[in-house]
Amino acid sequence: MCSIIFKDNSTSTFVTNTAANNGGAILNGQLSEITFKGNSKLYFDHNTADNGGVFYCTNSTITSTETSTISFSNNKAKQKAGVGYLTLTFKISFEETTAINFHSNMAEESAGALWSVRSTIQFKGNSNITFMFNRAINGGAISANDHSDINIRGNSTLLFVSNEALENGGTF
């Protein structure tokens, strides 16, 4: 198993990263784990790929906990998932975070922000979660497919504002 850990950093920024295929900033492959813990600010801005403008994950886990601010903005996928493409992923989890923002991300096909197949997306115990101005043909903010679970529990404020799907599911 491969692990990447970002812990107790002030600011981590992933900006204008590009991949010709998958994962504009991060490709998380077979049985890998990425952990973001105790960071002050994480910024993912203007990243681009065919699938997963920010990250592409298969058979892996991403966990973010005890972080002050996480911002995903202006990321783009030529096919699916402006931010995160999850397939056969064990889990992506955002926990105990003050602010999580998905703003102005887009995919030319499905899921302006998060796309999932046989995966779990969890938001638990966060203060403020915002999905705003995300855009795709299907699933303006999130597209959950084929045995995917989305768990949104125990958060203070959850906003879905002006997300757009050109065909189906403005938000989901």
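The structure displayed is predicted, hence computed values, not measured ones.

Chemist: Let's hear about the overall build of the protein: which residues, and what values?
Modeler: The helix and strand inventory of the protein stands at 0 helices and 22 strands. Rg of the C-alpha trace for the protein: 14 Å, near the compact-globule value of 16 Å for 172 residues, within the 12% margin. By principal-axis analysis of the C-alpha atoms, the protein measures approximately 40 × 35 × 30 Å. Put simply, 86% of the contacts in the protein that link residues at least 6 apart link residues at least 24 apart. As displayed, the protein offers around 7400 Å² of accessible surface, 46% of which is attributable to carbon and sulfur atoms. The average position of the 11 basic charges and that of the 13 acidic charges among the side chains of the protein differ by 3 Å.

Chemist: Outline a nonpolar patch on the surface, listing residues and values.
Modeler: Side chains of Ile 152, Leu 158 and Phe 172 sit close together on the surface and give an oily, nonpolar patch of about 250 Å² of accessible area. Considering the arrangement of structural elements, one finds Ile 152 in strand β20 (residues 149–153). Owing to a relative accessible area of 33%, Ile 152 belongs among the partly exposed residues under this scheme.

Chemist: Could you give me a rundown of the pattern of salt bridges, with the residues and numbers involved?
Modeler: In this structure the tally under the stated criterion is 4 salt bridges. Of the charged contacts, one joins Glu 164 and Arg 135 as a salt bridge, the two residues approaching to 3.8 Å between their closest N and O atoms. Of this pair, Glu 164 sits in strand β22 (residues 164–168) while Arg 135 sits in strand β18 (residues 135–138); the two residues are 29 residues apart in sequence, bridging distant segments of the chain.

Chemist: Could you give me a rundown of the sheet that holds strand β19 (residues 142–145), with the residues and numbers involved?
Modeler: Spatially, the 5 strands line up as an open sheet ordered β3-β7-β11-β15-β19, and their pairing is parallel. Since the sheet does not close on itself, it has two edges, and those belong to β3 (26–28) and β19, each with one partner. Taken pair by pair, the neighbouring strands of this sheet meet at an average axis angle of 5°, ignoring direction. The sheet contact formed by β3 and strand β7 (residues 55–58) spans 3 bridges and is parallel. Of the residues in β7, the one forming a bridge with Ile 26 is Phe 55.

Chemist: Summarise the pairing of strand β16 (residues 120–124); cite the residues concerned and give the values.
Modeler: Of all 5 residues that make up β16, 4 are buried, and the element is covered over most of its length. Alignment of strand β12 (residues 91–95) against β16, held across 4 bridges, turns out to be parallel. Pairing of Phe 94 across the sheet is with Phe 123, part of β16. Bridging between β16 and β20 involves 5 bridges; their strand directions are parallel. Of the residues in β20, the one forming a bridge with Thr 120 is Asp 149.

Procedures and definitions
- Residues numbered from 1 in each chain as written.
- Predicted model: local features only at pLDDT ≥ 70, side-chain atom pairs only at ≥ 80, totals over all residues.
- Heavy atoms only, no water.
- Helix = DSSP H or I, 4+ residues; strand = E, 2+ residues; numbered from the N terminus.
- Rg over C-alpha atoms; globule rule 2.2 N^0.38 Å.
- Contact = heavy atoms within 4.5 Å.
- Areas by Shrake-Rupley, 256 points an atom, 1.4 Å probe, with all protein chains shown as cover.
- Lys, Arg positive; Asp, Glu negative; His and termini not counted.
- Charge placed at Lys NZ, Arg CZ, Asp CG, Glu CD.
- Patch = residues over 30% accessible without salt bridge, like charges linked within 9 Å, V, L, I, M, F, W, Y side chains within 5 Å.
- Salt bridge = Lys/Arg side-chain N within 4 Å of Asp/Glu carboxyl O.
- Buried < 20%, exposed > 50% of the residue type's maximum accessible area, 1.4 Å probe, protein only.
- Pairing = 2+ DSSP bridges.
- Axes fitted to C-alpha atoms, helices over the stretch in contact; angles between N-to-C directions.

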